[in-house]
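Structure assessment
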Amino acid sequence: MANRRKFLQSGVLGSVLLLLNKKAFSFNKRTATKPLVISTWDTGLIANKAAWTVLSKNGNALDAVEKGVMEIESSQNCCVGLGANPDRDGIVTLDASIMDHQYNCGSVAFLERIKHPISVARKVMEKTPHVMLVGEGAQKFAVAEGFPLEPQKLSDEAQKSYQDWLKRSNYHAPKINVENQNGHGSFAPHKLDNGEWNHDTIGMLAMDYHGNLSGSCTTSGAGFKMRGRVGDSPIIGAGLYVDNEVGACTATGQGEDVIRVAGSHSVVEMMRHGFSPSQACEKVIERIAKIKGEKAKDIQVAFIAIDKNGEVGSFALHPGFNYALRNSVEEELVKVNSYFA
Ligand code: SD4
């Protein structure tokens with residue numbers, strides 16, 4: 001994880017975190033001026049910076065959410081793109097989705113050897129009559145659209161983790177964000193021995209100067225997952241949903257349990273019925289906790305949401321989740337309240 005640490009401490013993120021350390025940042029509900037962007041986890045600070053280059057010049061939200069998460073997909077040292085942990089057969093497979101302010105949406109799943117799945121998802125949205133392409137077909141489409149086929153090679157860090165995992169090969173039901181990797185479930189995000197969180201997904205929501213919303217979500221899924229496993233991130237309504245008349249939501253955590261409740265769509269529907277973004281996220285987290293019962297202790301799920309007025313909110317099942325917010329006056333990492341203490 002040395003590389004990842006370097007990544008986290010580098011550049012703007014390092015200085016922003018230093019700044020943040022001086023502040024108490026335990027609020028959960030924010031109302032912000034437009035344009036604004038929010039994204040999951042601390043890597044969101046870097047992604048927001050890239051999105052802000054678009055939004056601050058009155059660019060549109062769709063371009064911002066694509067550009068923002070591409071920054072994290074590019075980082076071979078991190079855990080979202082091709083540098084991430086592979087599936088149990090040793091191959092990295094990626095999922096991504098994107099949605100604009102007019103119910104246009106596109107996604108890819110089980111995609112190999114393409115550096116920017118989010119951009120392929122956008123091409124699916126803009127250039128095909130379909131919403132979702134998977135596996136070989138998605139890759140073929142990407143290549144036809146001019147995306148280079150990257151080498152089938154694990155990053156050094158992922159190679160090492162995979163070799164360690166092979167020694168154990170103890171695949172069992174995924175446990176996200178609760179256990180570390182030592183002998184346990186290997187789904188991310190998970191707590192590292194040094195206390196940091198490792199995660200493999202970024203979800204981003206933006207409102208542009210015109211008040212239009214868009215969202216993106218991109219992930220390597222879950223380390224050492226079964227071959228062919230697809231999570232919530234590329235599923236419109238689960239990992240991501242945008243309704244410009246109401247609001248937008250994206251999810252992170254245990255994809256199977258987000259899919260079960262059509263998570264992001266459910267949050268947007270709660271907002272449609274008058275709940276604030278934070279309350280809406282909390283309601284859906286409560287539903288997951290109820291469905292899972294005792295097993296809720298073993299998984300993490302978190303949502304971030306924004307309503308059409310630019311109010312932002314979030315809620316998680318377990319502590320440890322945060323999201324990054326950026327607008328013309330703030331650049332912050334926001335600590336999120338959770339169902340469990
Ligand atoms: C998945 N939701 O594939 C993703 C995992 C995730 O941080 O969010 N990890 O299930």
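Scoring rules and cut-offs
- Residues numbered from 1 in each chain as written.
- Predicted model: local features only at pLDDT ≥ 70, side-chain atom pairs only at ≥ 80, totals over all residues.
- Heavy atoms only, no water.
- Helix = DSSP H or I, 4+ residues; strand = E, 2+ residues; numbered from the N terminus.
- Contact = heavy atoms within 4.5 Å.
- Areas by Shrake-Rupley, 256 points an atom, 1.4 Å probe, with all protein chains shown as cover.
- Buried < 20%, exposed > 50% of the residue type's maximum accessible area, 1.4 Å probe, protein only.
- Salt bridge = Lys/Arg side-chain N within 4 Å of Asp/Glu carboxyl O.
- Phe/Tyr/Trp six-rings, centres within 6.5 Å; stacked < 30°, edge-to-face > 60°.
- Pairing = 2+ DSSP bridges.
- Axes fitted to C-alpha atoms, helices over the stretch in contact; angles between N-to-C directions.

When helices and strands are counted, the protein chain shows 10 helices and 15 strands. When contacts within the protein chain are restricted to residue pairs at least 6 apart in sequence, those whose partners lie at least 24 apart make up 64%. On the protein chain, roughly 13300 Å² of surface is accessible, and the fraction owed to carbon and sulfur atoms is 51%.

So, on to the environment of phenylalanine 321. Topologically, phenylalanine 321 is positioned in the loop between strand E13 (311-316) and strand E14 (322-327). Classification of phenylalanine 321 as buried rests on a relative accessible area of 1%. In the structure, phenylalanine 321 is positioned 69 residues away from threonine 252 in sequence and 9.4 Å away in space, judged by C-alpha atoms. For phenylalanine 321, the residues in contact, after removing those within four places along its chain, are Thr40, Trp41, Thr252, Gln300, Ala302, Phe303, Ile304, Ser314, Ala316, Val334, Lys335 and Val336.

Scanning all chains against the criterion turns up 15 salt bridges. A salt bridge links arginine 122 to glutamate 126; the nearest nitrogen and oxygen atoms lie 2.9 Å apart. With a gap of four residues between them, arginine 122 and glutamate 126 both fall in helix H5 (residues 117-127), about one helical turn apart. With its nearest N and O atoms 3.1 Å apart, the salt bridge here joins glutamate 145 to lysine 127. Of the two residues, glutamate 145 is situated in the loop between helix H6 (135-144) and helix H7 (156-168) and lysine 127 in helix H5; the sequence distance between them amounts to 18 residues. When its relative accessible area of 26% is taken as the criterion, glutamate 145 is described as partly exposed. Sharing partners across several salt bridges, the network here consists of Asp63, Glu66, Arg122 and Glu126.

Before going further, it helps to examine the packing of aromatic side chains. Taken as a whole and judged by the stated rule, the model has five aromatic pairs. Between tryptophan 41 and phenylalanine 321 the ring centres are 4.9 Å apart and the planes differ by 90 degrees, which places this aromatic pair in the edge-to-face class. Taken together, the residues tryptophan 41 in the loop between strand E2 (36-40) and helix H3 (44-55) and phenylalanine 321 in the loop between E13 and E14 connect sequence positions 280 residues apart. For tryptophan 41, a relative accessible area of 1% puts it in the buried group. Summarising the aromatic geometry, the rings of tyrosine 162 and tryptophan 165 are spaced 6.2 Å apart at their centres and angled 15 degrees between planes, so their arrangement reads as stacked. Taken together, the residues tyrosine 162 and tryptophan 165, both in helix H7 and three residues apart, mark about one turn of the helix. As far as the burial class goes, tyrosine 162 and tryptophan 165 line up, both buried. The structure contains a cluster of three or more aromatic residues connected by ring pairs, namely Tyr162, Trp165 and Phe224.

What follows deals with unusual backbone geometry. Cis geometry marks the peptide bond from lysine 34 to proline 35, where omega comes out at 0 degrees. Here phenylalanine 110, not a glycine, exhibits a phi torsion of approximately 55 degrees, which is positive. Residue classification places phenylalanine 110 among the partly exposed positions, given a relative accessible area of 21%.

Here we have eight strands laid out as an open sheet, ordered E5-E4-E3-E9-E8-E2-E14-E15, and mixed in their pairing. Strands with a single pairing partner mark the edges of an open sheet, and in this sheet they are strand E5 (132-134) and strand E15 (331-335). Strand after strand, the sheet turns through a mean of 10 degrees between neighbouring axes, direction not considered. Here strand E8 (residues 201-207) runs beside strand E9 (residues 213-219); their pairing, made up of seven bridges, is antiparallel. Following the sheet pairing, leucine 205 is matched in E9 by glycine 215. Contacts from H3 reach E2, E8, E14 and E15 within the one sheet, and its direction differs from that of E2 by about 155 degrees. In the packing of helix H4 (residues 61-74) onto the sheet, the strands contacted are strand E3 (94-99), E8 and E9, and the crossing angle to E8 comes to about 155 degrees.

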